[in-house]
Amino acid sequence: MASKEEVKKQICEAIDRRQGQIERIGDHIMVNPELGFKEFETAKLVAGTMEEFGISHETGLGITGVKGVLRGKKPGPTVALIGELDSLLVSDHPDADAATGAAHACGHNAQIAGLMGAMMGIVDSRAAEDLAGTVIFFAVPAEEYVEVEYRLGLVREGKLSFLGGKPELIQLGHFDDVDMAVMIHTHSDESLKKAGVSASSNGFVSKMIRFLGRAAHAGGAPHKGVNALNAAQIALSAIHAQRETFQDQDAIRVHPVITKGGDLVNVIPAEVKMETYVRGRTSEAILDANAKVDRALRAGAMAVGAKVEIETLPGYMPLKNDPDLKDLFQTNSESLFGADEFSEVGHRTGSTDMGDVSHIMPALHPYMAGASGPGHSVEWHISDKEMGYVAPAKSLAMLAVDLLYGEADQAKGILKDYRPEMSKQAYLEFQSQMFRTEVYDGEIDVLPRLKSGDSGGSL
Ligand SMILES: [Zn+2]
Ligand SMILES: [Zn+2]
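Residues numbered from 1 in each chain as written. Chains lettered and ligands numbered in written order. Predicted model: local features only at pLDDT ≥ 70, side-chain atom pairs only at ≥ 80, totals over all residues. Heavy atoms only, no water.

Description of the overall build of the chain
Counting its regular elements, the chain contains 14 helices and 21 strands. Here the C-alpha atoms of the chain give a radius of gyration of 25 Å, agreeing with the 23 Å that 2.2 N^0.38 yields for 459 residues. Each principal axis of the C-alpha distribution contributes one length, and for the chain these read about 90 × 45 × 45 Å. Looking at the chain as a whole, 55% of its 459 residues qualify as buried. Contacts spanning at least 24 positions in sequence make up 80% of the contacts within the chain whose residues lie at least 6 apart. Mean positive and mean negative side-chain charge positions of the chain (45 and 65 charges, respectively) differ by 3 Å. (Helix = DSSP H or I, 4+ residues; strand = E, 2+ residues; numbered from the N terminus. Rg over C-alpha atoms; globule rule 2.2 N^0.38 Å. Buried < 20%, exposed > 50% of the residue type's maximum accessible area, 1.4 Å probe, protein only. Contact = heavy atoms within 4.5 Å. Lys, Arg positive; Asp, Glu negative; His and termini not counted. Charge placed at Lys NZ, Arg CZ, Asp CG, Glu CD.)

Section: the coordination of the zinc ion (ligand 2)
Ideal coordination angles are 109.5 degrees for a metal with four donors arranged tetrahedrally and 90 or 180 degrees for a metal with six donors arranged octahedrally. The protein atoms that coordinate the zinc ion (ligand 2) are Cys106 (SG), His108 (NE2) and His185 (NE2), at distances spanning 2.1 to 2.4 Å. A separation of 3.1 Å is found between the zinc ion (ligand 2) and the zinc ion (ligand 1), which share Cys106 as a coordinating residue. A residue is classified by how much of its surface remains accessible, and Cys106, at 12% relative accessible area, is buried. Given a relative accessible area of 1%, His108 falls into the buried group. (Donors = N, O, S within 2.8 Å, 3.2 Å for Na, K, Ca; no water.)

Points about the coordination of the zinc ion (ligand 1)
Of the protein atoms, only Cys106 (SG), Glu144 (OE) and His376 (NE2) coordinate the zinc ion (ligand 1), at distances of 2.0 to 2.2 Å. For the zinc ion (ligand 1), the single-chain donor residues occur in sequence as C-x37-E-x231-H. Classification of Glu144 by relative accessible area gives buried; the value is 6%.

As for the sheet that holds strand β3 (residues 74-84)
Ordered by their spatial adjacency, six strands build an open sheet running β1-β2-β6-β3-β7-β17, and the pairing between neighbours is mixed. The sheet terminates laterally at β1 (56-61) and β17 (363-364), the two strands that pair on one side only. When strand β7 (residues 180-183) meets β17, the two strands line up parallel, connected through two bridges. Bridging from a neighbouring strand, Val182 pairs with Leu364 of β17. Set on the sheet, helix α3 (residues 40-52) makes contact with β1, β2 (65-71) and β6 (132-140); between it and β2 the angle comes to about 15°. (Pairing = 2+ DSSP bridges. Axes fitted to C-alpha atoms, helices over the stretch in contact; angles between N-to-C directions.)

Some thoughts on unusual backbone geometry
A positive phi angle, near 80°, is found at Ile63, a position not held by glycine. Among the secondary structure elements, Ile63 is positioned in the loop between β1 and β2. Here Ile63 falls in the partly exposed class, since its relative accessible area comes to 28%. A positive phi angle, close to 50°, is found at Ala251, a residue other than glycine. Considering the arrangement of structural elements, one finds Ala251 in the loop between α7 (228-240) and β11 (253-254).

A few points about the packing of α7 against helix α8 (residues 283-304)
For the pair α7 and α8, the least separation of the axes is 7 Å and the interaxial angle reads 145°. You can see that α7 and α8 cross each other, and the crossing is right-handed. Facing α7, whose interface residues are Asn230, Ala231, Ile234, Ala235, Ala238 and Ile239, α8 presents Val293, Ala296, Leu297, Ala299, Gly300, Ala301, Ala303 and Val304. Classifying every residue of the contact of α7 with α8 by side-chain character gives 12 nonpolar, two polar and no charged. (Left-handed = near helix turned anticlockwise from the far one by under 90°. Nonpolar A, V, L, I, M, F, W, Y, C, P; charged D, E, K, R; others polar.)

Here we look at the domain arrangement of the chain
When the domains of the chain are assigned, the result is domain 1 (4-202 + 318-421) and domain 2 (204-316 + 433-451). Computed over C-alpha atoms, the centres of domain 1 and domain 2 are 37 Å apart. Contacts between the two partners involve 25 residues from domain 1, matched on the other side by 20 residues from domain 2. In total, about 1700 Å² of surface goes out of reach between domain 1 and domain 2, with carbon and sulfur atoms giving 58% of it. Counting across the interface, domain 1 meets domain 2 through one salt bridge. On inspection of domain 1 and its partner domain 2, the count reaches seven residue pairs in polar contact (both at pLDDT 80 or more). Elements that contribute at least two residues to the side of domain 1 that touches domain 2 include exactly α5 (148-156) and α6 (165-171). If you tally residues by element for the side of domain 1 that touches domain 2, the top one is α5, at five residues. A class-by-class count of the residues in the side of domain 1 that touches domain 2 yields nine nonpolar, 10 polar and six charged. (Domains from an automatic or database assignment. Buried area = accessible area lost by both parts, 1.4 Å probe. Salt bridge = Lys/Arg side-chain N within 4 Å of Asp/Glu carboxyl O. Polar contact = N/O pair within 3.5 Å; in protein donor to acceptor, adjacent residues only side chain to side chain.)

Quick word on the side chain of Asn321
One can find Asn321 in the loop between β15 (319-320) and α9 (323-337). For Asn321, a relative accessible area of 10% translates into the label buried. A polar side-chain atom of Asn321 sits 2.7 Å from the main-chain amide nitrogen of His365. Other than its neighbours up to four places away in sequence, Asn321 contacts Val197, Ser198, Ala199, Ala363, Leu364 and His365.

A look at α5
Among the residues of α5, those classed as buried are Val148, Arg151, Leu152 and Leu154. Relative to the axis of α5, the buried residues are bounded by an arc of 155° and lie together on one face. Looking at the buried residues of α5, the elements they touch are β10 (203-212) and β14 (307-314). Within two residues after α5, Gly158 carries a phi angle of roughly 80°, on the positive side. (Arc of directions from axis to C-beta.)

Some remarks on the nonpolar core
Judged by nonpolar contacts, the single largest core of 70 residues is most densely connected at Leu81, Met116, Phe137 and Leu403. With 12 residues, the top contributor of residues to this core is helix α11 (residues 385-404). Look past the residues within four positions of Met116 in its chain and what remains in contact with it is Ile25, Val46, Thr49 and Met50. (Core = buried A, V, L, I, M, F, W, Y, C linked by side-chain atoms within 4.5 Å.)

A short note on the environment of Glu379
By the element assignment, Glu379 lies in the loop between β19 (371-372) and β20 (381-382). Distance from Glu379 to Val123, taken between C-alpha atoms, is 35 Å for residues 256 residues apart in sequence. Look past the residues within four positions of Glu379 in its chain and what remains in contact with it is Ser372, Gly373 and Pro374.

Laid out in C-alpha cells, this is it:
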C-alpha cells in the first residue's frame, strides 16, 4: 500500500498531466456564464466530464446540481468536495453573456475547474484503492443570492423552498449522506496570500420592502397625496439612526437600496421599493438588527401615513470554518506554496451559503489566489490559471486523501468530537420561519388614536 504522502504526490502529478484540460474547463465556463438555478449548460459540462471519468452521478439536484460519487476500497465516512456553478450579473464585464448580462465576476468557474481537476487526479491515480469512505464531487447551484424576485416566483410555484443553492440541497436531502464538506473560493486579495482561511463570516437575512402611498398632482394638489418616497427616505434615516446601537463584535451590515423611487416627476410617488440585507456575525445579532430595521421601516410609513409591506426572507447562516479541516488545508497549502504563503484571518463580513452547511456538519471554505480585480466587478478575471484552476484541484484532492486514507482515521476523529450548531431539522425550521410578510399601515395606526383623543389633547 502506498503511503499517504505517495498517494498525494501521485494525485498531484496526475493533475499536472491534466493541466490543459482543467484550464479549458475553467476558461470555457468563464465565457459561458449562467446565473443561479439556470446553470444548465455548465451542469452539462460537469456531468459530461464525470461521464468521461467513469464517475456515476445524479443531475438536476436543486434544479441544476450535479453530484458524482466515488467509493473507496473500504466503507467509511463521506467527504463532499464542492464547486459552485453560478455566475453573477455584471453586464459590462468583458466576458459577460450578451443576452443575459451574466458574468463570472466571483470566480466560480475556477471552483468547477478545481473540482473537476480533483476528480481527474483521484481517478487517474487510482487513489480510491487507498481510501476508506466516499468522495462526492458536488457541483452546486446558486451561491450568489441574486434575482430575488425571480427565485421568489419559483418558491411560490413550489419549484424551490429556499433562494440559495445549498439550503435548497440540504432541504431536499442531498447532503444527508455527506459527513463533511469542503470547497475553495478564488480570491484577488493580496492580503490573503496564496491560501487563506477565515475563522468565520457573516450570515444575513434578505428584505424586500414596498412603501405604498397615494398618487396626486405634485404641483397642483400634493396635499391630496401620500408620498411613498418620503416614507422611504425617513425609513432610511431611521435605519441609519440605529447604527450607533450596533456593536463592533456583531459586525452588522445593513445596506439598503431603493429599486423603485416613483413613476413620474409630476406625480407624488405612490409606490417605492427597497431591498436590503441585514448581515451579522451570529443569528442572534442578525435577528436583533432585523427587528430594529423593521421598526425603522414602520416609522417611515407612520410619519407620512403610508403603508409599508415588509417581506423578510431567509438568507444564509454565518460561516464557521472547522478548525481541524483548517489545519489539514493549511498543512497542504504550506507544502504546495511554502509556509509564508498561508494567512489566517479573523472574521469576514461577506456571506456564503457554505455557512448553512457549516451549521450541520464540519465544513471548510478557504480562499486561494489566482484572480485579479475586485470581486463582483468588471475587472475580475483569473490572472494565473495554474494558481486559480490547478492548485485548488490539488488542494481539494489532498484534503480528501488526508481524511479518508487507510482506515479514514482523520475523518473519523473529526466526526467523533464534532457537535453541530444545529440538527438538520432545527436548521430547516430556523430558516423556514424567516419567511415573514408584515403589512404595517401608518395611517390606521395613528389616526384612531388622534381621533379618540389618546394623544393627550394638548396638541
Ligand atoms: Zn460572489
Ligand atoms: Zn463567490
